[in-house]
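Below, each chain spelled out in residue letters.
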Amino acid sequence: MAYSDKVIEHFEHSKNVGTLDKNDPNVGTGLVGAPACGDVMRLQLKISDEGVIEDARFKTFGCGSAIASSSLVTEWVKGKSMDDAMKITNKEIAKELSLPPVKIHCSVLAEDAIKAAIEDFRAKRAARQG
Amino acid sequence: MVKLPIYMDYHATTPLDPRVLEAMQPYFTDDFGNAASRNHVFGWKAEAAVEKARKQVAALIGASDKEIVFTSGATESNNLAIKGVVEFYKDKGDHIITVATEHKAVLDTCKRLERQRQERIDELKLQRLMELTGEDVNPEDLASLEIKHQLDADPVLKRWVDKLRVGARVTYLTPKKDGLVDLAELEAAITDQTILVSVMLANNEIGVVQPVAEIGALCRKRGVLFHTDAVQGAGKVPFDVETAKADLVSLSAHKMYGPKGMGALYVRRKPRVRVLQQIDGGGHERGMRSGTLNVAGIVGMGAAAELAQQELVAESARLTALRERLWKGLSARLDYLTVNGSMSARLPGNLNVSFAFAEGEALMMAIKDVAVSSGSACTSASLEPSYVLRALGVDEEMAHSSIRFGLGRFSTEAEVDYVIDLMVRAVTKLRDMSPLYEMAKEGIDLKSIEWKAH
Ligand SMILES: Cc1ncc(COP(=O)(O)O)c(C=O)c1O
């Protein structure tokens, strides 16, 4: 199975690999997937008090398509409001990367990672305010 | 400098040795005769070439040429051996013992035989239910009616099933952690209904070499036929049918520098072993495998077998050294590595390693100029990681992280060194972007986390 050029580009030159301080109140962390399934994605978003995503970092254990999906969403979410980021769907990710059917789950994971990171941030903020 | 891409997947297939190609060439053009043409020189030449190759293949495994049946490959040889024995010896028994790590050509053949038996049993059950109820029974109601009429305690049905001679019952042994068959377990699995034990010589994923001599002796002692799929081991490690007491042996030309689509089945003559042919027709190969012989392919397989036999000792020493070099190079520079399968009972050219925290398909993508293979689910259509590694009890995540290196006749030290460097860079890069590696380094027990599986 050949990979699309975009998958190869994001795999070979992954954007925004790294770690943000998970204890920073403005950082939301999403950890999705499972080692036994062969993919784990951790997406971290630094979100301003106004609810705008200022920075994004990822680390992913998984195949090339999982890594490419992670890299892509870190680029897509930056500068977006939380609400807009929540609207990113796996279909858009799969389309952008031309993922074949067997790799659709990678894009699902990336969508889940965005949602998990934002939920974590919201939970943190609620706890702080509550 | 090494030439790219590098081929390190010799278990998948091997290139044709140029000497083999040379031996084959005349039989595509000038000497194109049909080996079954008895009345002219074209036929005689083809027949002579086939018989020479038969001797060469027989010699590789210490057999007599009359015991070699040429086939279209080891998939067919395995089918013929197993189905052929089950059908021929059906009055003796219907139980087969094999191992969970066998090649699919063995496992799926066994599964079909099991299914055939089950389908026939279901038919008998329906028939019995019709007798008991006095009316037509819808097959969809079988499950519920079976319970209602207590068929499992029905003596009439039991008598029918006992007399059944269709398909087979199969025991799949789980190998030990190192991939080797437990001989005591094998012995305990043999019943008075057992007609065949099928255990491969060497495994195609983990390269583990089974104790075939002990298995063969056990089978002989218990009066059970012994089939071994020797595709990966023949010509790579010492093997002969007498030492192994093998009754049936599957071989494939393309795993020993011969052509694809070409195989053989050894069928013992003393004491005589029979298989029922699976392909009917002109009665070629003493009736066991009809079809006009693939003369050029057979010549290639013969030449390949002869070369493998001549070079076995030197080549296995060379490959063992290369394999050691590869393993030492990787393990000196990377932590968290595990070798899958026994390191001592192993094909010289095989190394199967799990690179924890890095996923196999991503690794293969990161070393794209090197052809290897992985037990990762992502490389299969099924999304299940390697059933061979799983049968050894390897964790799923470690199966996902496995890479199989297959070294062979044209592998060089320079290639090994290049691959070590590339692997170290790839593994380091992927671990740097792996959340699991970061967590492990922080001392977090990954097993303690509740993963949100999708
Ligand atoms: C152990 C083993 N058995 C059987 C086969 C099938 O052989 P062939 O490709 O000749 O049908 C293979 C190769 O894929 C193999 O590795």
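Residues numbered from 1 in each chain as written. Chains lettered and ligands numbered in written order. Predicted model: local features only at pLDDT ≥ 70, side-chain atom pairs only at ≥ 80, totals over all residues. Heavy atoms only, no water.

### Comments concerning the overall build of chain B
Inference 1: For chain B, the helix and strand inventory stands at 14 helices and 13 strands.
Inference 2: Taking 2.2 N^0.38 as the reference for a compact globule, 454 residues should give roughly 22 Å; the C-alpha atoms of chain B span a radius of gyration of 25 Å, in line with that estimate.
Inference 3: Burial statistics for chain B: of 454 residues in total, 56% are counted as buried.
Inference 4: The long-range share in chain B, meaning contacts at least 24 apart out of those at least 6 apart in sequence, stands at 73%. (Helix = DSSP H or I, 4+ residues; strand = E, 2+ residues; numbered from the N terminus. Rg over C-alpha atoms; globule rule 2.2 N^0.38 Å. Buried < 20%, exposed > 50% of the residue type's maximum accessible area, 1.4 Å probe, protein only. Contact = heavy atoms within 4.5 Å.)

### Brief notes about the interface of chain B and chain A
Inference 1: Listed by partner, the interface residues are 27 residues for chain B and 31 residues for chain A.
Inference 2: Overall, the association of chain B and chain A removes approximately 2700 Å² of surface from exposure, summing both partners, and the carbon and sulfur fraction of that is 64%.
Inference 3: On the surface where chain B and chain A come into contact, there are four salt bridges.
Inference 4: E438 of chain B serves as the salt-bridge partner of R42 of chain A, at 2.9 Å between the closest nitrogen and oxygen.
Inference 5: Our count for the chain B to chain A interface comes out at 13 residue pairs in polar contact (both at pLDDT 80 or more).
Inference 6: Elements represented by at least two residues in the side of chain B that touches chain A include exactly helix 10 (360-366), helix 12 (396-400), helix 13 (413-432) and helix 14 (435-441) of chain B. (Buried area = accessible area lost by both parts, 1.4 Å probe. Salt bridge = Lys/Arg side-chain N within 4 Å of Asp/Glu carboxyl O. Polar contact = N/O pair within 3.5 Å; in protein donor to acceptor, adjacent residues only side chain to side chain.)

### A look at the side chain of D17 of chain B
Residue and element names in this part refer to chain B.
Inference 1: Within the element layout of this structure, D17 appears in the loop between strand 1 (6-7) and helix 1 (18-24).
Inference 2: We classify D17 as buried; its relative accessible area is 2%.
Inference 3: A distance of 2.8 Å separates a polar atom in the side chain of D17 from the backbone nitrogen of R19.

### What about the pattern of salt bridges?
Inference 1: All told, the structure shown has 43 salt bridges over all chains when counted by the stated rule.
Inference 2: Across the pair K87 of chain A and D84 of chain A runs a salt bridge whose closest N-O atoms are separated by 3.2 Å.
Inference 3: R333 of chain B is the salt-bridge partner of D421 of chain B, the closest N and O atoms lying 2.8 Å from each other. With D421 of chain B in helix 13 and R333 of chain B in helix 9 (residues 295-333), this residue pair connects regions lying 88 residues apart in the sequence.
Inference 4: According to the relative accessible area criterion, D421 of chain B is partly exposed, its value standing at 34%.

### Section: the sheet that holds strand 13 (residues 402-406) of chain B
All names here are of chain B.
Inference 1: Reading across the sheet, the four strands line up as 9-10-13-12 and stay open at both edges, with antiparallel pairing between neighbours. The strands lining the two open edges of the sheet, one partner per strand, are strand 9 (337-339) and strand 12 (373-374).
Inference 2: Each of strand 9, strand 10 (350-355) and strand 13 is contacted by helix 9, which is oriented at about 15° to strand 10, the strand it contacts most. (Pairing = 2+ DSSP bridges. Axes fitted to C-alpha atoms, helices over the stretch in contact; angles between N-to-C directions.)

### Structural notes on the environment of F32 of chain B
All names here are of chain B.
Inference 1: With respect to the helices and strands, F32 occurs in the loop between helix 1 and helix 2 (41-60).
Inference 2: Separated by 264 residues in sequence, F32 and A296 place their C-alpha atoms 8.4 Å apart.
Inference 3: F32 has contacts with Y27 and F42, leaving out every residue within four places of it along the chain.

### Re the pairing of strand 8 (residues 263-267) of chain B
Look at any regular strand and the pattern is simple: side chains alternate between the two faces of the sheet.
All names here are of chain B.
Inference 1: Counting buried residues in strand 8 gives five out of five residues, a clear majority hidden from the surface.
Inference 2: Covered by surrounding structure in strand 8 are G263, L265 and V267 together with A264 and Y266, the residues of both alternating faces.
Inference 3: Where strand 2 (residues 68-71) and strand 8 come together, four bridges link them in antiparallel fashion. Bridging across to strand 8, I68 finds its partner in Y266.

### What to know about the confidence of the model for chain A
Inference 1: When the pLDDT values of chain A are averaged, the result is 94; 98% of them are 70 or greater.
Inference 2: When pLDDT is averaged over each element of chain A, strand 3 (residues 53-61) of chain A comes out on top at 97 and helix 5 (residues 104-129) of chain A at the bottom at 94. (pLDDT = per-residue confidence, 0-100.)

### Remarks on the side chain of D154 of chain B
Inference 1: If you trace the backbone, D154 of chain B turns up in the loop between helix 5 (142-148) and helix 6 (155-163).
Inference 2: Separated by 2.7 Å, the side chains of D154 of chain B and R128 of chain B make a polar contact.

### Considering the site of the ligand
Residue and element names in this part refer to chain B.
Inference 1: Surrounding the ligand, one finds 13 residues, the nearest of these being T75, D229, Q232, S252 and K255.
Inference 2: One nitrogen or oxygen atom from the side chain of T75 is found 2.6 Å from an oxygen atom belonging to the ligand.
Inference 3: Measuring from an oxygen atom of the ligand, one finds a side-chain N or O atom of H254 at 2.8 Å.
Inference 4: Protein chains bury 85% of the 390 Å² of accessible surface belonging to the ligand in isolation. (Near = heavy atom within 4 Å. Areas by Shrake-Rupley, 256 points an atom, 1.4 Å probe, with all protein chains shown as cover.)

### Considering a nonpolar patch on the surface
Residue and element names in this part refer to chain B.
Inference 1: Side chains of F32, V41, F42 and W44 sit close together on the surface and give an oily, nonpolar patch of about 440 Å² of accessible area.
Inference 2: Summarising the element assignment, W44 is placed in helix 2.
Inference 3: Residue class for W44 comes out partly exposed when judged on its relative accessible area of 47%. (Patch = residues over 30% accessible without salt bridge, like charges linked within 9 Å, V, L, I, M, F, W, Y side chains within 5 Å.)

### Some thoughts on helix 2 of chain B
Residue and element names in this part refer to chain B.
Inference 1: In this model, helix 2 (20 residues) spans 29 Å end to end at C-alpha, consistent with the 28 Å of a helix rising 1.5 Å per residue.
Inference 2: Within helix 2 the residues assigned to the buried category are G43, A46, A49, V50, A53, R54, Q56, V57, A58 and L60.
Inference 3: Against the buried residues of helix 2 lie strand 2, strand 7 (248-252), strand 8 and helix 9.
Inference 4: Just downstream of helix 2, G62 is the residue with a positive phi angle, here 65°. (Expected span 1.5 Å × (residues − 1).)

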